[in-house]
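Single-letter residue listing:
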Amino acid sequence: MSSNSTVCISHKMERALKDIESHSLSTPEQSLKAELAATDHLSRNVRKAIMLSSKTLAATVPDRFSSRNVQYTVRVALSTELSNPERAAVWRIADDNMQSISKHSSLGWETHSKLEELFHRQSRFVIVHKCTDQDPDSSSAVFEAERIVAFTMFRFDREDDYDMIYCYELQIDREAQRQGLGKFLMQCLTQIGEKTRMEKIVLTALKSNKSALDFYYAAGFTMDPTSPDYEEDDESMRSSPDSIEDTVERGGSDDGAEAEECDYFILSRPIPYTK
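Definitions and cut-offs
- Residues numbered from 1 in each chain as written.
- Predicted model: local features only at pLDDT ≥ 70, side-chain atom pairs only at ≥ 80, totals over all residues.
- Heavy atoms only, no water.
- Patch = residues over 30% accessible without salt bridge, like charges linked within 9 Å, V, L, I, M, F, W, Y side chains within 5 Å.
- Areas by Shrake-Rupley, 256 points an atom, 1.4 Å probe, with all protein chains shown as cover.
- Salt bridge = Lys/Arg side-chain N within 4 Å of Asp/Glu carboxyl O.
- Lys, Arg positive; Asp, Glu negative; His and termini not counted.
- Charge placed at Lys NZ, Arg CZ, Asp CG, Glu CD.
- Helix = DSSP H or I, 4+ residues; strand = E, 2+ residues; numbered from the N terminus.
- Pairing = 2+ DSSP bridges.
- Phe/Tyr/Trp six-rings, centres within 6.5 Å; stacked < 30°, edge-to-face > 60°.
- Buried < 20%, exposed > 50% of the residue type's maximum accessible area, 1.4 Å probe, protein only.
- Lys NZ or Arg CZ within 6 Å of the ring centre and 35° of its normal.
- Polar contact = N/O pair within 3.5 Å; in protein donor to acceptor, adjacent residues only side chain to side chain.
- Contact = heavy atoms within 4.5 Å.
- Arc of directions from axis to C-beta.
- Right-handed = clockwise from strand over helix to strand, strands pointing away.
- Core = buried A, V, L, I, M, F, W, Y, C linked by side-chain atoms within 4.5 Å.

Examining a positive patch on the surface
- A contiguous patch of positive charge, built from Arg 44, Lys 48, Lys 195 and Arg 197, is present on the exposed surface.
- Residue placement: Arg 44 occurs in helix α3 (residues 44-50).

The following block contains the structure:
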């Protein structure tokens, strides 16, 4: 897609496309298989999940979604399978939603490093496109980058003896929020986790992002033991969102100034599966 395309590009989309094109993302020379072979901490199960094709994972989630008489289509893809316009659409949504809240946090928001993280070779995407009234079934409507309204980016990983889906991003375009898309994407992650026999979904959320925290609490997430504010002897940390809210209000745990500087939670939710 370019500025002289038959599809009109918004100013934000055009700026996002320039970001994508001006930041040369590094591509490892070794193959993914060789990269995994050099990684010691991953389990056999996680390695197997990383090597699955997008087509295999797509078969585990719905290919369509409907909310309030609006039709959406769903695509599962590796970052390497996205076109630059699709990357730009994803980046526009993430940057719109997170730049202002993240740039002054300990996590930061530097364009190149965020693009490297977002489009890492092992990054997987579930992307939601809004269909048009004119031609909802055509491939041009389904995959038109400007019609991307929501996505989640995740990777398969293993930490502290748990196989997990790490959800790096779950972002909804501001004009498409409160349509059930966040809940739908979380259901997709759960279904993918069940298929690949991951044990939990893990994510990082800023304490200042109250709307995101409220969403994750409602979705059943609690503080993960790896979170800096987690108190091992406090059972409520594993079961009650209220305890997390209390931690926000008092500015962290009671372990001193170092803990108070932590401005994020690591949250998790188990993934049930049948052995």
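Some details on the sheet that holds strand β6 (residues 200-206)
- Across the sheet, 8 strands lie side by side as β1-β2-β3-β4-β5-β6-β8-β7; this open sheet has mixed pairing. Edge positions in the sheet fall to β1 (64-67) and β7 (222-223), since each of these pairs with one other strand and no more.
- Examined bridge by bridge, β7 and strand β8 (residues 264-270) share 2 bridges and lie antiparallel to one another. Across the sheet, residue Met 223 finds its bridge partner in β8, namely Leu 267.

Quick word on the packing of aromatic side chains
- All chains considered together, the criterion is met by 9 aromatic pairs.
- Consider the rings of Phe 65 and Tyr 72, whose centres lie 6.0 Å apart with planes at 35°: the pair is tilted.
- By relative accessible area, which is 16% here, Phe 65 ends up buried.
- With centroids separated by 5.8 Å and ring planes inclined at 25°, the aromatic side chains of Phe 119 and Phe 125 adopt a geometry described as stacked. Exposure class is identical for Phe 119 and Phe 125. Each is buried.
- Members of the aromatic cluster, each reached through a chain of ring pairs, are Phe 65, Tyr 72 and Phe 184.
- If you follow Arg 155 out to its NZ or CZ, it ends over the ring of Tyr 168, 4.3 Å from the centre.

Looking at the pattern of salt bridges
- Evaluation of the coordinates by the stated rule reveals 10 salt bridges.
- Ionic pairing is found between Asp 173 and Arg 92, a salt bridge with its closest N-O pair at 2.8 Å. Residue Asp 173 is located in the loop between β5 (162-172) and α8 (181-196), and its partner Arg 92 is located in helix α5 (residues 84-102); the two are separated by 81 residues in the primary sequence.
- Close ionic contact of Asp 229 with Lys 207 constitutes a salt bridge, the shortest N to O distance being 2.5 Å. Of this pair, Asp 229 sits in the loop between β7 and α10 (241-249) while Lys 207 sits in the loop between β6 and α9 (210-218); the two residues are 22 residues apart in sequence, bridging distant segments of the chain. Each of the two residues, Asp 229 as well as Lys 207, counts as buried.
- In the salt-bridge network here, residues are joined through shared partners; they are Arg 92, Asp 96 and Asp 173.

Focus on the side chain of Ser 123
- Mapped onto the elements of the fold, Ser 123 is located in the loop between α6 (111-118) and β3 (124-130).
- Polar side-chain contacts of Ser 123 include one of 3.2 Å to the backbone oxygen of Leu 118.
- Here Ser 123 is in contact with Ala 77, Leu 78, Ser 79, Glu 117, Leu 118, Met 153, Phe 154 and Arg 155, once residues within four sequence places are set aside.

Remarks on α6
- Among the residues of α6, Lys 114, Leu 115 and Leu 118 are the ones counted as buried. An end-on view of α6 places all buried positions within 100° of arc, on one side of the element.

Some points on α9
- Listed in full, the buried residues belonging to α9 are Ala 212, Leu 213, Tyr 216 and Tyr 217. Looking down the long axis of α9, one finds its buried residues gathered within 135° of arc, a one-sided arrangement. Facing away from the buried side of α9 by more than 90 degrees, the exposed set consists of Lys 210, Ser 211 and Ala 218.
- Downstream of α9 by a residue or two, Gly 220 has a phi angle that is positive, lying close to 95°.

Thoughts on the pairing of β6
- Summarising burial for β6: 6 of the 7 residues are buried, a large majority.
- Taken together, the 4 bridges between β5 and β6 define a ladder with parallel strand orientation. The residue of β6 that forms the bridge with Ile 165 is Ile 201.
- Between the parallel elements β5 and β6, the chain passes through α8 in a crossover that is right-handed.

Re the environment of Arg 158
- Considering the arrangement of structural elements, one finds Arg 158 in strand β4 (residues 148-159).
- It is 7.0 Å that separates the C-alpha atoms of Arg 158 and Val 46, two residues lying 112 residues apart in sequence.
- For Arg 158, the contacting residues outside a window of four places in its chain are His 41, Leu 42, Ser 43, Val 46, Asp 163, Met 164 and Glu 199.

A closer look at the nonpolar core
- Counting 45 residues, the largest nonpolar core has Phe 156, Leu 181 and Tyr 216 as the members making the most contacts within it.
- Non-local contacts of Tyr 216, meaning those with residues more than four positions away in its chain, are made with Leu 170, Met 186, Leu 203, Ala 205, Phe 221 and Leu 267.
- Among the nonpolar cores identified, the runner-up in size contains 22 residues, and Trp 91, Met 98, Leu 115 and Phe 151 belong to it.

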